[in-house]
Every structure is written in C-alpha cells, then in structure tokens.
Amino acid sequence: LPVEKVKLNMLFAGGSFGRRANPDSDYLVEAVHIARAKMGTPIKLVWSREDDMHAGYFRPAYVHRVRGGLDDEGNIVGWEQHIVGQSILTGTPFGQGIKNGVDHSSVEGASTLPYAIPNVRVEVTSTEEKVPVLWWRSVGHTHTAYSTETFIDELAVTAGRDPLELRMKLLADHPRWQGVLKLAADKAGWGKGLPDGWGRGIAVHESFNSYVAQVAEVSVAEDGKFKVERVVCAVDCGVPINPDVIRAQMEGGIGFGLAPALVSAVTFRDGKVVESNFHNYQVLRINQMPAVEVHIVPSTEPPTGVGEPGVPPIAPAVANALAAATGKRYYTLPIKV
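Here we summarise the structure given alongside this text. Not measured: the values here are computed from a predicted model.

Quick look at the side chain of R167
Part 1 of the argument: Within the secondary structure, R167 is located in helix α5 (residues 163–170).
Part 2 of the argument: With relative accessibility at 1%, the residue R167 sits in the buried group.
Part 3 of the argument: In contact with R167, not counting residues within four places along its chain, are Y115, E149, I152, D153, L181, I202, A203, V204 and N320.

A closer look at a negative patch on the surface
Part 1 of the argument: Where like charges cluster on the molecular surface, the negative patch consists of E30, E50, D51 and D52.
Part 2 of the argument: Looking at the negative patch, the element that brings in the most residues is helix α2 (residues 49–55), giving three residues.
Part 3 of the argument: Structurally, E50 is set in helix α2.

Comments concerning the nonpolar core
Part 1 of the argument: With 30 residues, the main nonpolar core has V228, V235, M250, L258, V318 and I335 as its most contacted residues.
Part 2 of the argument: Among the secondary structure elements, those contributing two or more residues to this core are β7 (210–220), β8 (226–236), α7 (243–262), β11 (291–296) and α8 (314–326).
Part 3 of the argument: Once residues lying within four places of it in the same chain are set aside, the contact partners of V228 are E217, V218, L258, L262, Q288, P290 and V318.
Part 4 of the argument: Counting 29 residues, the second largest nonpolar core, distinct from the first, contains A184, A188, V232 and A234.

As for the environment of P316
Part 1 of the argument: Summarising the element assignment, P316 is placed in helix α8.
Part 2 of the argument: It is 8.7 Å that separates the C-alpha atoms of P316 and A261, two residues lying 55 residues apart in sequence.
Part 3 of the argument: For P316, the residues in contact, after removing those within four places along its chain, are A145, Y146, E149, T150 and A203.

Considerations on the sheet that holds strand β5 (residues 120–127)
Part 1 of the argument: Strand order in the open sheet formed by three strands is β1-β2-β5, and the pairing between neighbours is mixed. Each edge of the sheet is formed by a strand with only one pairing partner; in this case those strands are β1 (62–70) and β5. Going across the sheet, the axis of each strand differs from the next one's by a mean of 10°, ignoring polarity.
Part 2 of the argument: The pairing of β1 with strand β2 (residues 76–86) spans nine bridges and is antiparallel. Of the residues in β2, the one forming a bridge with V63 is V84.
Part 3 of the argument: Packing against the sheet, helix α4 (residues 141–158) makes contact with β1 and β2, and its axis sits at approximately 30° to β1.

Some details on the packing of α5 against helix α6 (residues 175–188)
Part 1 of the argument: One can describe the packing of α5 onto α6 by two numbers: an axis separation of 10 Å at closest approach and a directional angle of 160°. By the criterion of interaxial angle, the relationship of α5 to α6 is roughly antiparallel. As for how α5 packs across α6, the hand of that crossing is left-handed. Contact residues: L164, R167 and M168 in α5; Q178, L181, K182 and A185 in α6.

Here is what the cut-offs are and how they apply
- Residues numbered from 1 in each chain as written.
- Predicted model: local features only at pLDDT ≥ 70, side-chain atom pairs only at ≥ 80, totals over all residues.
- Heavy atoms only, no water.
- Helix = DSSP H or I, 4+ residues; strand = E, 2+ residues; numbered from the N terminus.
- Buried < 20%, exposed > 50% of the residue type's maximum accessible area, 1.4 Å probe, protein only.
- Contact = heavy atoms within 4.5 Å.
- Patch = residues over 30% accessible without salt bridge, like charges linked within 9 Å, V, L, I, M, F, W, Y side chains within 5 Å.
- Areas by Shrake-Rupley, 256 points an atom, 1.4 Å probe, with all protein chains shown as cover.
- Salt bridge = Lys/Arg side-chain N within 4 Å of Asp/Glu carboxyl O.
- Lys, Arg positive; Asp, Glu negative; His and termini not counted.
- Charge placed at Lys NZ, Arg CZ, Asp CG, Glu CD.
- Core = buried A, V, L, I, M, F, W, Y, C linked by side-chain atoms within 4.5 Å.
- Pairing = 2+ DSSP bridges.
- Axes fitted to C-alpha atoms, helices over the stretch in contact; angles between N-to-C directions.
- Parallel < 35°, antiparallel > 145°, perpendicular 65-115°, else oblique.
- Left-handed = near helix turned anticlockwise from the far one by under 90°.

None of this, on its own, says anything about what the molecule does.
Below is the structure:
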C-alpha cells in the first residue's frame, strides 16, 4: 500500500516499555497480514503468554572474564575485563549507539568503572546469534554491575580488606558514590553481628545518572538453601521530586532484579525456547520478597531517573552476602547453591 493510504491510530498505553521499540514491528506486521486476508474487516490480535515466551525478544546472554592484580600491600593495581555477548543496538534505529564497533550498551557500567585503579582495560566481543534480543530493565548495567561488584568484593576479601572500606577508599573522587554507600551501610548496621548462617553483602552502581547502593542480608540453611531476608537501599537521584515514587521504584526494581538472580531463566533446546508459561518460567513469589528499606539522599543536584537504577545492585549484593555466609563465589545467574 502507498504510505498515504495507511493511517495509524496511536493509543496511549502503559507497560511493554522497550518491547515496542523493536526493529521488526513483529506483532504489527502479523496483524497486517491477518487484516489483508479479508480486507475491510477489523481485527484484534492478542498474543498468548506462550506466543510471547516462544517468539518474543530476550535479554541477551553475556559472559565476562575479569582479572585483577594486587600488590604486596593488598592494593588493586590492575583490572582487565573482557565482555562477550550479543549487541542489542545492531539493526535497530538506535544503531548510532555503536561506535568503532562497540555497542555502548554492552559495556556501560564497566567501561565507566569509577574505582581508582591505575591500570584498567575493558574489551567487548559482539557475537552474532539467532536469538532475537532487546533491552531489559537497566539494559547493560544488569550484567556489568554483577560482574564488577562481585569481583571488587572478591578482590577485597582476597586482600584481607573490608569490602565497604575498600570501596570507600577507591571512590575518594566520587562523593555521590560514597554518599549512597555510607548511607546504606549505616542504616543496615554494617559491621554488626548476624545470626549463625547469615551473611551480609554490599554493592553500588550508577546508571541513568542516579546512584544506588544496596546491602543484602541472607540466611543459609544446613542444606544450602538460602533466603534473602533484608535489603537496605540508598539512592541519590538528585532533588527528590516525589519520595513515594522513588521508594516504590527502588522496591520494585529490587523485586524485579531478584527474580533473575534467584529463579528466572529462559533456556533453549534445538533452537526453541523451552519455557512457555509460569509453570516452567519462575518469577519471584511474594514469600521470596525480602523486607526492603529505602533511604533517599538529600540533594540539590538536578533530578535524575529512578525507573531502572534500583535493579543493577541487587544481584551482586545478594551474591556477596552469600559469599560472606558460605565462602563460595557465584559466577552464573540464576544463582545455584
């Protein structure tokens, strides 16, 4: 059809977020094919959850190899990180985000590592796979925060340093990072004793120009099963325009980020998605949701986003808490103990 014979009636609707910004307009094209089969007949296309699970877009899988160097005094003197995964921006209208072959969304949060380490190298290899991928809440920060914040924690423990104290030292030139770290740690009682079998972990990350630190407390049973008991979150998003919305977004982001950290996974067999509905694709249940405290840093800086920054720190905070309780490190999500 010529363009002048096509009219789009745009409806305002909440939800679906980045799913609408895909390069293929898949569900629109499907609806058009159905409509053309009987011209003039109004149609309404609704995908089932099974349709969506099997034929939608997926959060890309990433692998990180991170190596660090310590001197004789336990100072971090080198950091090398190689990231491998699918580019989200390739083939989309947002391809201008790829420069010199690097999709910035693949490395964001790692290429901007704030820690004062004298020698840092971050590389990316973008793979080409058949799995259709798209952004996921907080985009690349979801996997870079996990890799950087669990590894900085591992280096701290290896060097015999307190993970909070080391972060604070390495962030001396970044007062807003330090501010959320200190607030979350103070409110969580960092350094105070915990019951037997419990562990406490911390993580901090900046995304969308907002700074979020989270302290997670986990309990580990004798059979190895664990529960996230409590999360204390501090957020610096500039002038807090609506504190209730800020708290709600942090709480929701924590629950959203806990699901793939604990239970949610999409797997493939013979090129097809195995999961089809909630019976075999698990999401976070209400009894898995920890007690959450959100503390907002007073600020006169320009206001920034809160819809996504609550997600990146939660998985590494939980993994670091588990490591504190068990002595084991966890390199794959969802976490399998």
